[in-house]
Structure formats: structure tokens, C-alpha cells
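# A closer look at the structure
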Amino acid sequence: MKLGKLGYVCILLWVGFAEMGWSATIVGGDVTAHWSGKGRMFEMENYRKFFHGEVTGIFEERAPLKESPGLFNRAQVRCQVSMNIDPKTKARDSFGTCTITIPDTHEVVHSRWTCKSLAETCKGEFTWMWGTGRFTGISGATIFQSRMEIGVTESGAIHGEAIWPAFTYQLP
């Protein structure tokens with residue numbers, strides 16, 4: 001097979017870009033996770049509370065985009081959570097890490113997140129740390145928002161939902 005000069009240039013560019021570590025940005029549709037969990041609730045000064053515990057949920061693509069491979073749909077998410085909460089205003093300052101397990105393949109993706117709010121809805125950033133299998137080398141960050149309720153009858157019980165309006169990540 002005969003390759004022209006343009007063919008050689010294309011091959012060299014393709015190999016060069018791969019070696020330079022260029023990555024593909026994947027933008028999924030809206031993703032949501034309803035979660036629940038339990039931990040310890042600590043009373044603090046000025047009626048504030050501090051929660052530390054674990055929450056679990058399932059990712060669901062609510063509005064998948066045509067280009068989205070839907071790799072995270074039905075993935076299980078388990079997060080370590082720390083929250084400084086003002087029960088009167090529902091303001092909170094939260095942070096934690098999440099381990100996401102992909103159904104069927106059992107690939108794992110790890111992330112960290114932070115969010116702050118002055119009311120019920122906490123807005124923040126979800127940063128991709130590492131992954132296995134198809135997610136080896138995952139990177140980037142995506143915005144999200146979360147709402148939560150503290151259980152009335154059971155101390156330390158919480159539940160809520162998180163929404164990623166444009167679920168985004170980069171793969172090498």
C-alpha cells in the first residue's frame with residue numbers, strides 16, 4: 001500500500017499527539033444520585049452541627065447526550081462525608097471522597113469533592129483522582145450540586161440527592 005506525504009504526516013501527528021498526553025474530554029448528560037447514609041452528628045457551639053460518616057447511592061443518567069457513552073449509568077457510589085452544618089439556615093461546608101464502582105465490569109473510579117452553601121442546595125466541584133480499567137488516567141473536574149435532609153428520629157441519619165448538570169471527565 002502506497003502512502004502519500006499527507007498520510008505520513010497524519011500518522012506522525014497521531015503518534016505525536018498520543019505521546020504528548022493529549023486527552024479526550026467526555027461530556028455526559030445530566031447525572032443524578034439519590035443517596036442515604038449514616039454517621040456521627042456532633043453538636044458544636046452556636047447550635048451548629050458537624051456530621052462525619054458515609055453515604056451510598058446509584059448514579060443515573062437522566063438526560064444522556066447522544067455522544068455520551070453512559071459508562072457511569074447505574075454505577076454504585078460510596079462517599080466519605082464531612083459536613084459543618086447550620087441547622088437554622090441549612091448552610092453547610094462539606095468535603096469528602098467517593099469511590100464509584102461501574103456495574104458489570106467492577107472498574108473503580110475515585111474522586112474528591114467540596115461544596116459550600118448558604119441555603120439548602122450545596123454547590124461545588126467533583127474532581128477525578130484515579131481509575132482502573134477504561135478509567136485509568138481519568139482526570140478533570142465537573143460541577144455538581146447536592147441537597148440533604150438530616151433524619152428527625154435517628155441521630156446521624158442523612159439522605160438527599162446530588163446532580164451533575166454536565167457530567168464531565170477526561171480520559172487519556
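What comes next concerns the included structure. Since we're looking at a predicted model, the values are computed, not measured. (Residues numbered from 1 in each chain as written. Predicted model: local features only at pLDDT ≥ 70, side-chain atom pairs only at ≥ 80, totals over all residues. Heavy atoms only, no water.)

## Regarding the environment of Phe59
The criterion, for reference: What counts as a helix is a DSSP run of H or I of at least four residues, what counts as a strand is a run of E of at least two, and both are numbered from the N terminus. Working rule for contacts: check all heavy atoms of both residues, and any pair within 4.5 Å makes them a contact.
Within the secondary structure, Phe59 sits in strand E3 (residues 49–63). Sequence separation between Phe59 and Ala33 is 26 residues; the distance between their C-alpha atoms is 4.7 Å. Beyond its immediate chain neighbours, meaning those up to four positions away, Phe59 contacts Val31, Thr32, Ala33, Phe72, Asn73, Arg74, Ala75, Val77, Ile100, Trp164 and Phe167.

## Considerations on the pattern of salt bridges
Pairs may arise between side chains of opposite charge once their charged atoms sit close together. Short version of the rule: A pairing counts as a salt bridge when a side-chain nitrogen of Lys or Arg comes within 4 Å of a carboxyl oxygen of Asp or Glu. The cut-offs for exposure are 20% and 50% of the maximum accessible area for each residue type, with area from a 1.4 Å probe on protein chains only; residues under the lower value are buried, those over the upper are exposed, and the others partly exposed.
Taken as a whole and assessed by the stated rule, the structure comprises six salt bridges. For Glu43, the salt bridge goes to Lys49, with nearest N and O atoms at 3.8 Å. In this structure, the salt-bridge partner of Asp86 is Arg48, at a minimum N-O distance of 3.5 Å. Residue Asp86 is found in strand E4 (residues 76–86), and its partner Arg48 is found in the loop between strand E2 (30–43) and E3; the two are separated by 38 residues along the sequence. Accessibility expressed as a relative area gives 17% for Asp86, which makes it buried. Judged by its relative accessible area of 23%, Arg48 is partly exposed.

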